[in-house]
Amino acid sequence: MKNFNKRLRAVLFVLLCVPFCGAWTVAAEQTETRYTGGELISTYASETISYVSKQVVEDIATANNAPYYSAVGDLSNGCGAIAGAVIVGFYDKYYSNLIAGWDSYYSTGRYKGKDTVYVPALMHDLFARMNTNQVQPGVSENDFKTGLKAYVNNQGYNLTYSSLGSGNSFNYTAFKTAINNNEVVALFVQPSNLYALSPSNNQDLLVSTSISGNHIMVAYGYYEVKYTLSSGIRTDKYLRVATGLAVSTAFYKIGSYVDATYTVKIS
């Protein structure tokens, strides 16, 4: 009788727990942020900055900036694969055969654009390793990191990530140190704005373009400008980013919300 009661309790536990455990699993999956890229949905002059004088305080980038790759047509929601390819292409200059059979740079050190064979093949490889569009559209932060690391390991190298914080805790000082050390940074962002500065006589036109979806980009520099206005002093700080979109490079404002940021180092 005692054994029967134990078996009965076990059956009841399974019957009661499994539905709820399953619900908890689904809920966890549904709350996981997915990065799908998205369209550039508008371009407009968001602000005209009229100044008495202007000083570029800092304009620092990695050596020869970074590769500027854009989407491959058959890889939907593939911003993770594009950002991963930019990172691999950046380090291919320093670690041979990261992209087998192809150099990502010219003899001058300047980076090449996306070709028609090797970079698309790299993106397809990363797209699969990152489990893109599995279960839900896009890629998760963890799958991006795991897939990129697996690719680099497969090429015979090691990859490490160092968190630079998120949201209001983004460590700008550590970011600058990474760039100064010639390292790039992966940015995980929500729908947000990219910027460009268009200068004219005693004014800068700040032009904004919006990204419609959660997106992954690669930062490779920083830019700080100080304006003396008729009403006082204004200082703006930006990250330089390879967007992976039709607007290949842009500024991303310091203070804009980020889900996560990681220095990516290959050795």
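For the structure, check the block above.
Residues numbered from 1 in each chain as written. Predicted model: local features only at pLDDT ≥ 70, side-chain atom pairs only at ≥ 80, totals over all residues. Heavy atoms only, no water.

Looking now at the packing of helix α2 (residues 79-92) against helix α4 (residues 141-154). Between α2 and α4, whose axes approach to 10 Å, the crossing angle comes to 40°. Our classification of the angle between α2 and α4 gives oblique. Along this stretch, α2 crosses α4, giving a crossing that reads as right-handed. Seen from α2, the contacting residues are Gly-80, Ala-83, Gly-84, Ile-87 and Val-88; seen from α4, they are Phe-144, Leu-148 and Tyr-151. Residues that form the contact of α2 with α4 fall into these classes: 6 nonpolar, 2 polar and no charged. (Axes fitted to C-alpha atoms, helices over the stretch in contact; angles between N-to-C directions. Helix = DSSP H or I, 4+ residues; strand = E, 2+ residues; numbered from the N terminus. Parallel < 35°, antiparallel > 145°, perpendicular 65-115°, else oblique. Left-handed = near helix turned anticlockwise from the far one by under 90°. Contact = heavy atoms within 4.5 Å. Nonpolar A, V, L, I, M, F, W, Y, C, P; charged D, E, K, R; others polar.)

This paragraph deals with the pattern of salt bridges. Throughout the structure, instances matching the rule amount to 8 salt bridges. When the shortest N-O distance is used, the salt bridge between Lys-176 and Glu-58 registers 3.0 Å. With Lys-176 in helix α5 (residues 172-180) and Glu-58 in strand β3 (residues 53-61), this residue pair connects regions lying 118 residues apart in the sequence. The shortest N-O distance in the salt bridge between Asp-236 and Arg-234 comes to 2.9 Å. On the basis of relative accessible area, Asp-236 is assigned to the buried category, the value being 10%. Taken together, the shared-partner salt bridges connect Glu-47, Arg-234 and Asp-236 into one network. (Salt bridge = Lys/Arg side-chain N within 4 Å of Asp/Glu carboxyl O. Buried < 20%, exposed > 50% of the residue type's maximum accessible area, 1.4 Å probe, protein only.)

Look at Asn-97: it is not a glycine, yet its phi comes out positive at around 70°. Phi angles above zero are rare outside glycine, and Asn-202 is one such case at about 55°. Turning to its location among the elements, Asn-202 is positioned in the loop between β7 (193-200) and β8 (203-211). The partly exposed category is assigned to Asn-202, whose relative accessible area is 46%.

This part covers the pairing of strand β6 (residues 184-189). In the case of a regular strand, side chains alternate between the two sheet surfaces. Within β6, 6 of the 6 residues are buried, which leaves it mostly tucked inside the rest of the structure. Burial along β6 is two-sided: the residues Val-184, Ala-186 and Phe-188 and Val-185, Leu-187 and Val-189 are all buried. Where β6 and strand β12 (residues 260-266) come together, 5 bridges link them in antiparallel fashion. Pairing of Ala-186 across the sheet is with Tyr-262, part of β12. As defined by bridge partners, β6 adjoins strand β9 (residues 215-229) across 5 bridges and the pair is classed as antiparallel. Counterpart to Ala-186 in the pairing with β9 is Val-218. (Pairing = 2+ DSSP bridges.)

Before going further, it helps to examine the packing of aromatic side chains. Aromatic ring pairs: the centre-centre distance and the angle between the two ring planes describe each pair. Applying the stated criterion across every chain yields a total of 19 aromatic pairs. For the pair Phe-175 and Tyr-222, a centre-to-centre distance of 6.5 Å together with 70° between the ring planes defines the contact as edge-to-face. Taken together, the residues span a long stretch of sequence, with Phe-175 in helix α5 and Tyr-222 in strand β9 at a distance of 47 residues. Here Phe-175 and Tyr-222 have matching classes, each one buried. Joined through ring pairs, the aromatic side chains of Phe-90, Tyr-91, Tyr-94, Tyr-95, Tyr-111 and Tyr-157 make up one cluster. One Lys or Arg, Lys-145, reaches over the ring of Tyr-161 and ends 5.4 Å from the middle of that ring. Note that Lys-253 overlies the ring of Tyr-195, its terminal NZ or CZ placed 4.9 Å from the centroid. (Phe/Tyr/Trp six-rings, centres within 6.5 Å; stacked < 30°, edge-to-face > 60°. Lys NZ or Arg CZ within 6 Å of the ring centre and 35° of its normal.)

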